[in-house]
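# Fold and contact review
Below are the chains, spelled out letter by letter.
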Amino acid sequence: MSRACPHCGSGNVVEDDLYSEKQLVCEDCGSLLPEVELTSTRTEELQATAVPYYESTQTEKRKCPNLIKGCGRLRALCRIFRFPSDMESSAVSLYEGAYGHPSFLHTSLSKKEALAGSCVLAVSRMNSWPLGMGSVVAMLEADPALFGAIYQELIKCMNLQTVGGGITELLEGFCHDFKLGRDQVGAEYGETTRELKRRALDLLELAADSWIVTGRQPQPMLLAAVYLAWQSLSPVKRMKVPLTKFCVISKFGSVKEGERRRTAQKRVVEMREVLCKLGQELPWLSGSPVKPSDVAVLVEDILALRLVLQSEAMRRHEQSLLSETSETRAAGDALSSAPEAALKSSSHSQVEEKAPPAGGHSNDSQLSELPWAKRHLFVPPCVRVAKKPRAEAAGPDVTGDEDISDGEIESYIRTDQEMRYIVRLQKTLQQQKEEEEEGHG
Amino acid sequence: MEPSDDVALDITVTNVVSVFRTRCHLNLRTIALEGVNVIYKPETGKVLMKLRKPRITASIWSSGKIICTGATSEEEAKIGARRLARCLQKLGFKVRFSDFRVVNVLAVCSMPFQIHLIQFAKNNRPIASYEPELHPAVTYRIKHLRATIQIFSTGSITITGPNVQNVASAVEQIYPLLHECQKALK
């Protein structure tokens, strides 16, 4: 710090190191400059300062123990699902990156465990590895809703581009869960995984076209497809075997799978309905109805001729709708024009003659009048034909700023007598409760 | 049907959530005793009050903050909130109706066709999110409108947004995207 000498004003002030104590001396006049500060600032004190740990001993920041445990759990999951090493390492790096994100850092351990599973799932999807969310949730024994929330948060925070796994990709792994080898269950019930998978894939494609798959949980759908595929591969011997017995024979699932099996049974019923609709169009059945219990015999033929049968079924459905609408129209016209029928009979015949050339346009217009759920043969099973809308009373035309009369408000306030009754009742209930507690005690 | 044709879609507002403040402390036990159609929830520290006209349910906290749900239009929500404030005034509280605002509007709409959800999610990644194992509908978020749309395969959609105008704009924006993903079995 440069200072001027207070005696001669010279700036030529030097530190004198002759003695142990440093002093400031003016070179020109030799006077000793007084010390301005008896104490120095902390930054000037170099000796006897506390040295922090991270400056002296620590070489790198240590990982949080929960992060280390989470990484271990994640590696175990990757090994269970047989990930290749590059996918495992990318899952670990994704987990370490997400762990430090503010959304996941200060959360509960259960959420951090769900985060590890979410990273496994995200990496599997980025690499098109067939892995269902249900499998990860079952492995972690986590709450599905919590896991789903953490997974979606992970995708959002880390800006991941994942492709949702299709149901057909999950089929191969699913088929391996069934113990249906001939040496395990015998020749009558035995089936190769390859055949089972091929037939189940065709059934799944048909189900997807018929709106049974969209929006539904994949696992019950897969179970239903595999069960129907297994039945159809040897229908004579297996037609009478129900779904529950099939699960026992193939050693699939456990008691906890009860709800999933009930859902799978519903999917079986829906798929059989679709197969019956298509089975009716088989040429050698001549349009006779097919029962769901007997359709297993026809599955192979239906799947082989699927596209033709679908177009035939759609065409027959449209024709039946047209005939229904034309019948209702004719009945309506007959009722309305009955008194004038004798006079206008010649004009009616002229109209009927003109009808065929304009048939295509009138068909489209007739069909378009129907609700779309009736027009199509295959619709999502939860669609119901729209009910006729009730003539609802028009709601009050409010602006929000109308005056509110006292009379309307009085109806929401109890009278004094009602309040006395309520207080008396509450006291009585309280006394009864206390007496019961004393009696139990 | 081409998306450029004028299509009249019925958007039905099913719920409007609004909040307002009374600027005074409210004694919940008094409201529970003297009010009709009132449920007292001491464990959560609030009182539920239901009005008949309009049909709304109000959650009342002792701090004076009130949330109203169940109205079917923004105007109904306002008249219901004002009616509630008048009711609290009659009960003896020095209520000032202030800071009223509509927080959330929920509406439903039905498309006249089925929607192929997987195709829609693929075409609109990453704005659209489809996880059939979690929820049967596709979730589509429009950031600038602060609206969330849930799309079901049957063609029904539910829209939540901060007001009715945003909800209507969201439907206008989503319709052409849905139209190109409708699927008919050939």
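Please refer to the structure placed before this passage.
Read on for a plain summary of the structure. Just so it is clear, the structure is predicted and the values come from calculations on it, not from any experiment.

Before going further, it helps to examine a nonpolar patch on the surface. On the surface, a nonpolar cluster with roughly 300 Å² of combined accessible area is contributed by Trp284, Leu305 and Val308 of chain A. With respect to the secondary-structure elements, Val308 of chain A resides in helix H16 (residues 306–336).

Before going further, it helps to spend a moment on the side chain of Glu88 of chain A. All names here are of chain A. Secondary-structure assignment places Glu88 in helix H3 (residues 85–99). Residue class for Glu88 comes out buried when judged on its relative accessible area of 11%. Here Glu88 is in contact with Leu74, Arg75, Cys78, Arg79 and Phe83, once residues within four sequence places are set aside.

Residue-level contacts link 46 residues of chain A with 42 residues of chain B. Between chain A and chain B, the buried area comes to about 4100 Å², and carbon and sulfur atoms account for 58% of it. In this structure, the connection of chain A to chain B is made through one salt bridge. Arg125 of chain A is the partner of Glu131 of chain B in a salt bridge, and the nearest nitrogen-oxygen pair spans 2.7 Å. The tally of links between chain A and chain B comes to 12 residue pairs in polar contact (both at pLDDT 80 or more). Listing elements by their share of the side of chain A that touches chain B, those giving two or more residues are helix H6 (133–140), helix H7 (144–158), helix H10 (193–209), H16, helix H20 (406–410) and helix H21 (416–440) of chain A. Its residues assigned to classes, the side of chain A that touches chain B comprises 22 nonpolar, 15 polar and nine charged.

Residues and elements named next belong to chain B. Helix length check: helix H2 (residues 74–90), at 17 residues, gives a terminal C-alpha distance of 25 Å against a target of 24 Å (1.5 Å per residue), a fit within 8%. Of all the residues in H2, the buried ones are Glu76, Ala77, Ile79, Gly80, Ala81, Arg82, Arg83, Leu84, Ala85, Cys87 and Leu88. Positive backbone phi, at 110 degrees, marks Gly92, one or two positions downstream of H2.

So, about the nonpolar core. Core analysis: the biggest nonpolar cluster contains 62 residues, and Ile60, Phe120 and Ile151 of chain B have the highest contact counts within it. In this structure, Ile151 of chain B is in contact with Ile115, Leu117, Phe120, Ala137, Val138, Tyr140, Ser156, Ile157, Ile174 and Leu178 of chain B, ignoring residues within four places of it in sequence. Residues Phe252, Cys276, Ile302 and Leu309 of chain A belong to the second largest nonpolar core, which totals 53 residues.

All names here are of chain A. Remark: H10 packs on helix H11 (residues 218–233), axes separated minimally by 8 Å, with the N-to-C direction vectors making an angle of 120 degrees. With respect to each other, H10 and H11 are oriented oblique. The chirality of how H10 crosses H11 is right-handed. Across the interface between the two elements, Glu195, Leu196, Arg199, Ala200, Leu203, Leu204 and Ala207 of H10 pack against Met221, Leu222, Ala225, Val226, Leu228, Ala229, Trp230, Ser232 and Leu233 of H11. Across the contact of H10 with H11, the residue classes tally to 13 nonpolar, one polar and two charged.

A separate point is the sheet that holds strand E3 (residues 46–51) of chain B. All names here are of chain B. In spatial order, the strands read E2-E3-E4-E5-E1-E6-E10-E9-E8-E7; together these 10 strands make up an open sheet with antiparallel pairing. One side of each edge strand has no neighbouring strand; the edge strands of this open sheet are strand E2 (38–41) and strand E7 (128–129). Across four bridges, strand E4 (residues 56–61) lies against strand E5 (residues 65–71) in antiparallel orientation. Within the sheet, the bridge partner assigned to Ser59 lies in E5 and is Ile67. Running over the sheet, helix H4 (residues 164–179) touches strand E1 (11–21), strand E6 (98–110), strand E8 (138–142), strand E9 (147–151) and strand E10 (156–161) and is turned about 140 degrees from E10.

The next subject is the sheet that holds strand E3 (residues 32–33) of chain A. Residues and elements named next belong to chain A. Across the sheet, three strands lie side by side as E1-E2-E3; this open sheet has antiparallel pairing. What marks the edges here is a single partner per strand, and that holds for strand E1 (13–16) and E3. Summarising the sheet, strand E2 (residues 23–26) and E3 pair through two bridges and their orientation is antiparallel. Note that in E3 the partner of Leu24 across the bridge is Leu33.

This part covers the pattern of salt bridges. Residues and elements named next belong to chain A. Here the structure, examined in full by the defined rule, presents 16 salt bridges over all chains. Residue Arg75 is joined to Glu88 by a salt bridge in which the shortest nitrogen-to-oxygen separation is 3.6 Å. Placement of the pair is Arg75 in helix H2 (residues 65–80) and Glu88 in helix H3, with a sequence separation of 13 residues. Glu270 is the salt-bridge partner of Arg216, the closest N and O atoms lying 3.1 Å from each other. You can see Arg216 sitting in the loop between H10 and H11 and its partner Glu270 sitting in helix H14 (residues 258–279), a full 54 residues away along the chain. On the basis of relative accessibility, which here comes to 17%, the residue Arg216 falls in the buried class. Residues participating in the shared-partner salt-bridge network are Arg75, Arg79 and Glu88.

A few words on the environment of Tyr151 of chain A. Locating Tyr151 of chain A in the fold gives a position in helix H7. Dropping the residues within four chain positions of it, Tyr151 of chain A is found in contact with Ser118, Leu121, Ala122, Arg125, Met133 and Thr162 of chain A together with Glu131 of chain B. One polar contact links Tyr151 of chain A to Arg125 of chain A, side chain to side chain, over a distance of 3.3 Å.

To continue, consider the environment of Val105 of chain B. Relative to the elements of secondary structure, Val105 of chain B occurs in strand E6. With residues up to four places along the chain from it excluded, the contact list for Val105 of chain B reads Val13, Asn15, Val16, Glu74, Ile159, Thr160, Gly161, Pro162, Asn163, Val164 and Val167 of chain B.

A separate point is unusual backbone geometry. Put simply, Arg125 of chain B and Pro126 of chain B share a cis peptide bond, and its omega is -5 degrees. Its location among the elements puts Pro126 of chain B in the loop between helix H3 (117–123) and E7. A positive phi is found at Trp211 of chain A, a non-glycine position, where the angle reads about 70 degrees. On the secondary structure map, Trp211 of chain A appears in the loop between H10 and H11. Positioned with a positive phi, Arg23 of chain B is a non-glycine residue whose angle comes to about 60 degrees. Examined against the element boundaries, Arg23 of chain B turns out to sit in the loop between E1 and helix H1 (28–34).

Let us look at the environment of Val268 of chain A. With respect to the helices and strands, Val268 of chain A occurs in helix H14. If sequence neighbours within four positions are ignored, Val268 of chain A has contacts with Ala224, Tyr227 and Leu228 of chain A.

Scoring rules and cut-offs
Residues numbered from 1 in each chain as written. Chains lettered and ligands numbered in written order. Predicted model: local features only at pLDDT ≥ 70, side-chain atom pairs only at ≥ 80, totals over all residues. Heavy atoms only, no water. Patch = residues over 30% accessible without salt bridge, like charges linked within 9 Å, V, L, I, M, F, W, Y side chains within 5 Å. Areas by Shrake-Rupley, 256 points an atom, 1.4 Å probe, with all protein chains shown as cover. Salt bridge = Lys/Arg side-chain N within 4 Å of Asp/Glu carboxyl O. Helix = DSSP H or I, 4+ residues; strand = E, 2+ residues; numbered from the N terminus. Buried < 20%, exposed > 50% of the residue type's maximum accessible area, 1.4 Å probe, protein only. Contact = heavy atoms within 4.5 Å. Buried area = accessible area lost by both parts, 1.4 Å probe. Polar contact = N/O pair within 3.5 Å; in protein donor to acceptor, adjacent residues only side chain to side chain. Nonpolar A, V, L, I, M, F, W, Y, C, P; charged D, E, K, R; others polar. Expected span 1.5 Å × (residues − 1). Core = buried A, V, L, I, M, F, W, Y, C linked by side-chain atoms within 4.5 Å. Axes fitted to C-alpha atoms, helices over the stretch in contact; angles between N-to-C directions. Parallel < 35°, antiparallel > 145°, perpendicular 65-115°, else oblique. Left-handed = near helix turned anticlockwise from the far one by under 90°. Pairing = 2+ DSSP bridges.

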